[in-house]
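Residues per chain are reported as follows:
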Amino acid sequence: MVNYINITNFLVVLLVWGYIAIGHDLVTLMFVRGKFTVENANIVYNFSVILGIVLPFTVIRDYHYRLYYSLNNTLKPMVNSIQTVIFNVFILIIGSFIVHSYIIVLAPAIGTIWSCFNIMLKSRRDNMKIDIKKLSSGYFISNFIGITMYMFILKFQYHSHNLAINILINMFTGVAYIFIILAGFYIFYKIWSKVKTVK
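Rules used throughout
- Residues numbered from 1 in each chain as written.
- Predicted model: local features only at pLDDT ≥ 70, side-chain atom pairs only at ≥ 80, totals over all residues.
- Heavy atoms only, no water.
- Helix = DSSP H or I, 4+ residues; strand = E, 2+ residues; numbered from the N terminus.
- Buried < 20%, exposed > 50% of the residue type's maximum accessible area, 1.4 Å probe, protein only.
- Contact = heavy atoms within 4.5 Å.
- Areas by Shrake-Rupley, 256 points an atom, 1.4 Å probe, with all protein chains shown as cover.
- Axes fitted to C-alpha atoms, helices over the stretch in contact; angles between N-to-C directions.
- Parallel < 35°, antiparallel > 145°, perpendicular 65-115°, else oblique.
- Left-handed = near helix turned anticlockwise from the far one by under 90°.
- Nonpolar A, V, L, I, M, F, W, Y, C, P; charged D, E, K, R; others polar.
- Phe/Tyr/Trp six-rings, centres within 6.5 Å; stacked < 30°, edge-to-face > 60°.

This next bit is on the overall build of the protein chain. Scanning the protein chain from terminus to terminus reveals seven helices and zero strands. If you list the helices and strands of the protein chain from N to C, you get α-α-α-α-α-α-α. Taking the principal axes of its C-alpha atoms as reference, the protein chain extends roughly 65 × 55 × 25 Å. A burial count over the protein chain gives 35% of its 199 residues as buried. At a minimum sequence separation of 6, the contacts of the protein chain that also span at least 24 residues come to 72%. Accessible surface, the protein chain as shown: approximately 12700 Å² in total, 73% of it carbon and sulfur.

Rendered as structure tokens:
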């Protein structure tokens, strides 16, 4: 299951970092008109980035849910969901006095992380252990590639008055970078395999 989680999270993490790089232009293009100002677009962008960052934890949690479903155990996911709702409400009430409007997205984001770790602990107690080291390595490698892609896009970022053109060109820059990285990994793997065969 860890391999499936890592592959899914690799795609999700790249999409999140790609959105962080070009998302502001995308939100501006889609929403800024009439009474919806650039300042409103900034808030929407910030909110969506917060929710995007926790998407990998959603992936891990949902795979654990499916593992339970495959064993005809719907109780554990249901209990975890109920506990998460209670946790979210608690965070929402407490956080509203501290971070005000941002708690609207921070509460579900924090709740998602808590929910993920909670179901992972439940699965370990039920002797459904997954390779945490492999899972963590996949997460960090995916984020490393995502961060370097983000930096690459910023380094060669295309600016013009046409937001649609900006988005398309910068998106292509990010995709090209990923293809280069994957090709590099593939070549390295082939060379390494030949070296090991010779030995």
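All right, on to the packing of helix H1 (residues 2-31) against helix H3 (residues 55-70) then. Where H1 contacts H3, the two axes come as close as 9 Å, and the packing angle between them is 155°. Between H1 and H3, the crossing angle belongs to the class labelled roughly antiparallel. Where H1 crosses over H3, the two elements pack in a sense that is right-handed. Residues Tyr4, Ile5, Thr8, Asn9, Val12, Val13 and Val16 of H1 touch H3, and the partners they reach there are Leu55, Pro56, Val59, Ile60 and Tyr63. Looking at side-chain class alone, the contact of H1 with H3 contains 10 nonpolar, two polar and no charged residues.

This next bit is on the packing of aromatic side chains. Per the stated rule, a full pass over the model turns up 10 aromatic pairs. Their ring planes at 35° and their centres at 5.9 Å tell us that tyrosine 19 and tyrosine 45 sit as a pair that is tilted. Note that tyrosine 19 is positioned in helix H1 and tyrosine 45 in helix H2 (residues 38-53), a separation of 26 residues in sequence. Overall, tyrosine 19 belongs to the partly exposed group, its relative accessible area being 22%. In this structure tyrosine 45 comes out as buried when scored by relative accessible area, which is 13%.

With respect to the helices and strands, the residue threonine 58 is situated in helix H3. Among the residues examined, threonine 58 registers a relative accessible area of 18% and is labelled buried. Threonine 58 sits 51 residues away from alanine 109 along the chain, and the two C-alpha atoms are 9.5 Å apart.

The topology assignment puts arginine 61 in helix H3. With relative accessibility at 16%, the residue arginine 61 sits in the buried group. Beyond its immediate sequence surroundings of up to four residues, arginine 61 is in contact with Asn80, Thr112, Ser115, Cys116 and Ile119.

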